[in-house]
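As a plain string of letters, each chain reads:
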Amino acid sequence: MNSINIALIGCGNVGLKLLELVHTKKALLLEQYHLQLNFVAVADSSGVAIDENGLDVIKVIETKKEAGTVASYPEKGYRNALIVDVLKNSNVQIVIEAGVTNIENGGTSLEHAFEAIQLEMHVVFLSKGPIVCGYQQLRDLALEKNVQLKYSGATAAALPTIDLALQSLAGTEIHSIEGLFNGTTNYILDRMTSHGVTYQEALLEAQEKGIAETDPTLDVDGWDTAAKTLILANAVMRTNFSMKDLEVKGITKITPGEIDKAKSQGKVIKLIGEVYFDQKEARTKVKVSPKLLSSEHPLSDVKDALKGVHFLTDTMGELTVIGGKSDPRAAAAAALKDVITIASTKYLM
Ligand SMILES: NC(=O)c1ccc[n+]([C@@H]2O[C@H](COP(=O)([O-])OP(=O)(O)OC[C@H]3O[C@@H](n4cnc5c(N)ncnc54)[C@H](OP(=O)(O)O)[C@@H]3O)[C@@H](O)[C@H]2O)c1
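Predicted model, so just to flag it, every value in this text is computed and none were measured. (Residues numbered from 1 in each chain as written. Predicted model: local features only at pLDDT ≥ 70, side-chain atom pairs only at ≥ 80, totals over all residues. Heavy atoms only, no water.)

Our next topic: the sheet that holds strand 7 (residues 149-150). The sheet built from 7 strands is open, its strands ordered 4-3-2-1-5-6-7 with mixed pairing. Pairing within the sheet leaves two strands with one partner each, and these edge strands are strand 4 (77-79) and strand 7. Alignment of strand 5 (residues 94-97) against strand 6 (residues 122-125), held across 4 bridges, turns out to be parallel. Counterpart to Ile94 in the pairing with strand 6 is His122. (Pairing = 2+ DSSP bridges. Helix = DSSP H or I, 4+ residues; strand = E, 2+ residues; numbered from the N terminus.)

This is the structure:
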């Protein structure tokens, strides 16, 4: 049996689901992967719960839900403790970064990631900020320290994108990636197309169903799609883009008239993040914008809040994957998959 010590940074929607998931899948993890996952530290913005022998996961969940912070964990909760200090004196092997996403400068999540890698810990990311803002530096340091970085949860989570590109398409030249990476925007555009409602009506519906957040700006203005597309470009196509290099246009200005016009041409409008080689400018570009897709396009029929990705390769042809849930539990499941992948490699320290 492989017993792995984990630090979870961030105990919000996804962090809590991850704790629940690992608890409910304890037997499966043991039987199928010979893995026992011990959460030895769990942090939120108020403090850290620590037990080098493994915290009682159910107690962590109850404490967070009842007291609002893991710092109230009985006897082993520390208010105002900083996770970076805790990591320095710990037996942690994998850090899961599920803090708030900051795509402007990476925020504290980026600091946490650097510290963890310095300490020769593997890192699993849910927050996009560190990979968007510091991918090259994190990767170089991880190579030097011989640790792995995994970020399925930051690249459309339940929809396989990064693993597919790096593993299943290894050895191919990927000519382009097109992605429908945001469930909220797809839901809104799909409702506008299928039910003839306005953007505002579709957004309200999405919010009522819990698909769109109260503040949907990052989704509807295209920045969430942009972050995921940028990560894929830099990690898969080995580019070195930052957010300021990207052309980003969201869906807020799309009118029922434009939707009708697309329909009359047998087309649909989808918000697409794409990485492609611009022949005129002879360079790889990243772009996020509403795009007219004909009915033959493999992503044209992606309905509801589903997501999809389409790769064009030199030797394996075209590949499309559609589906994957867009909720905190599915995001947590993507992080669990990354943990299993890391733990299954023989050089886990
Ligand atoms: N929600 C999804 O479906 C989904 C899907 C894919 C990826 N993600 C990404 O996953 C991450 C977590 O999402 P979420 O929905 O769980 O967000 P959330 O509910 O806002 O949780 C964020 C957590 O980070 C904690 N935190 C903030 N600053 C911290 C610090 N300095 N040190 C330690 N902890 C800190 C917060 O503490 P408090 O609890 O004290 O505020 C909170 O527990 C985000 O980066 C998000 O973009 C989310």
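Next comes the rest of the account.
Further remarks concern the UniProt feature "active site" (unreviewed entry) in the chain. Look at the UniProt record and you will see "active site" (unreviewed entry) annotated at Lys228. Examined against the element boundaries, Lys228 turns out to sit in helix 11 (residues 223-236). Since its relative accessible area comes to 9%, Lys228 is described here as buried. Excluding its chain neighbours within four sequence positions, the residues that come into contact with Lys228 are Lys128, Ala154, Thr155, Ala156 and Phe181. (UniProt positions renumbered as here; feature names shortened; annotations may be inferred. Buried < 20%, exposed > 50% of the residue type's maximum accessible area, 1.4 Å probe, protein only. Contact = heavy atoms within 4.5 Å.)

Further remarks concern the sheet that holds strand 8 (residues 174-180). Overall, mixed pairing links the 6 strands, which are arranged 9-11-10-8-12-13 in an open sheet. A strand with exactly one partner marks an edge of an open sheet, and here the two such strands are strand 9 (247-248) and strand 13 (318-322). Bridge count for strand 8 against strand 10 (residues 267-278) is 3 bridges, and the pairing is antiparallel. Paired with Ile177 across the two strands is Val275, which belongs to strand 10.

The terminal C-alpha atoms of helix 8 (residues 183-195), which comprises 13 residues, lie 17 Å apart, in line with the 18 Å expected from a rise of 1.5 Å per residue. The buried fraction of helix 8 is high, at 11 of 13 residues. Residues Gly183, Thr184, Thr185, Asn186, Tyr187, Ile188, Leu189, Asp190, Arg191, Met192 and Thr193 constitute the buried set of helix 8. Considering only its buried residues, helix 8 is in contact with strand 8, helix 9 (199-208), helix 10 (217-220), helix 12 (256-264) and strand 10. Put simply, Asn182 is the residue that caps the front of helix 8, since its side-chain oxygen is 3.2 Å from the backbone nitrogen of Thr184. (Expected span 1.5 Å × (residues − 1). Polar contact = N/O pair within 3.5 Å; in protein donor to acceptor, adjacent residues only side chain to side chain.)

Another point: the pairing of strand 2 (residues 35-44). Looking along a regular strand, one sees side chains alternate from face to face of the sheet. Burial of strand 2 is extensive: 9 of the 10 residues sit out of reach of the surface. Of the strand pairs in this sheet, strand 1 (residues 2-9) and strand 2 are connected by 8 bridges, and their pairing is parallel. Its bridge partner being in strand 2, Ile9 is matched across the sheet by Ala43. Direction of pairing for strand 2 relative to strand 3 (residues 47-50): antiparallel, over a ladder of 4 bridges. By the bridge assignment for strand 3, Ala43 is matched with Val48. What sits between strand 2 and strand 3 in their antiparallel hairpin is a turn of 2 residues.

Quick look at the pattern of salt bridges now. Tallied over the full model, the rule gives 18 salt bridges. Put simply, Asp278 and Lys285 hold a salt bridge, and the shortest N to O gap is 3.5 Å. Relative accessible area serves as the criterion here: at 11%, Lys285 is assigned to the buried category. With its nearest N and O atoms 3.0 Å apart, the salt bridge here joins Glu281 to Lys285. Owing to a relative accessible area of 40%, Glu281 belongs among the partly exposed residues under this scheme. Residues participating in the shared-partner salt-bridge network are Glu247, Asp278, Glu281, Arg283 and Lys285. (Salt bridge = Lys/Arg side-chain N within 4 Å of Asp/Glu carboxyl O.)

Note on placement: Lys64 falls in helix 3 (residues 57-67). Judged by its relative accessible area of 17%, Lys64 is buried. Not counting residues up to four positions away in its chain, the partners in contact with Lys64 are Cys11, Leu16, Asp44, Thr69 and Val70.

Bringing the nonpolar core into the picture now. In this structure, Tyr151, Ile177, Ile188 and Met192 are the most contacted members of the largest nonpolar core, which totals 73 residues. For this core, the element with the highest residue contribution is helix 11, accounting for 8 residues. If you count residues domain by domain, this core takes at least three from each of domain 1 (2-157 + 329-344) and domain 2 (163-324). The residues contacting Ile177, other than those within four sequence positions of it, are Leu232, Val236, Met237, Gly273, Glu274, Val275, Val309, His310 and Phe311. Of all hydrophobic cores here, the second largest spans 36 residues; its members include Ile4, Leu8, Ile94 and Ile342. (Core = buried A, V, L, I, M, F, W, Y, C linked by side-chain atoms within 4.5 Å. Domains from an automatic or database assignment.)

Turning our eyes to something else, we now look at the site of the ligand. Near the ligand, the surroundings consist of 23 residues, among which Val14, Ser45, Lys64, Gly99 and Thr101 are the closest. Note that an oxygen atom of the ligand is positioned 2.7 Å from one of the side-chain N or O atoms of Lys64. One of the backbone N or O atoms of Gly99 is found 2.6 Å from an oxygen atom in the ligand. In isolation the ligand has 910 Å² of accessible area, and contact with the protein removes 72% of it. For the shell around the ligand, the secondary-structure elements that each account for two or more residues are helix 1 (13-24), strand 2, helix 5 (107-118) and helix 13 (328-344). Per-class residue counts for the shell around the ligand are 9 nonpolar, 10 polar and 4 charged. (Near = heavy atom within 4 Å. Areas by Shrake-Rupley, 256 points an atom, 1.4 Å probe, with all protein chains shown as cover. Nonpolar A, V, L, I, M, F, W, Y, C, P; charged D, E, K, R; others polar.)

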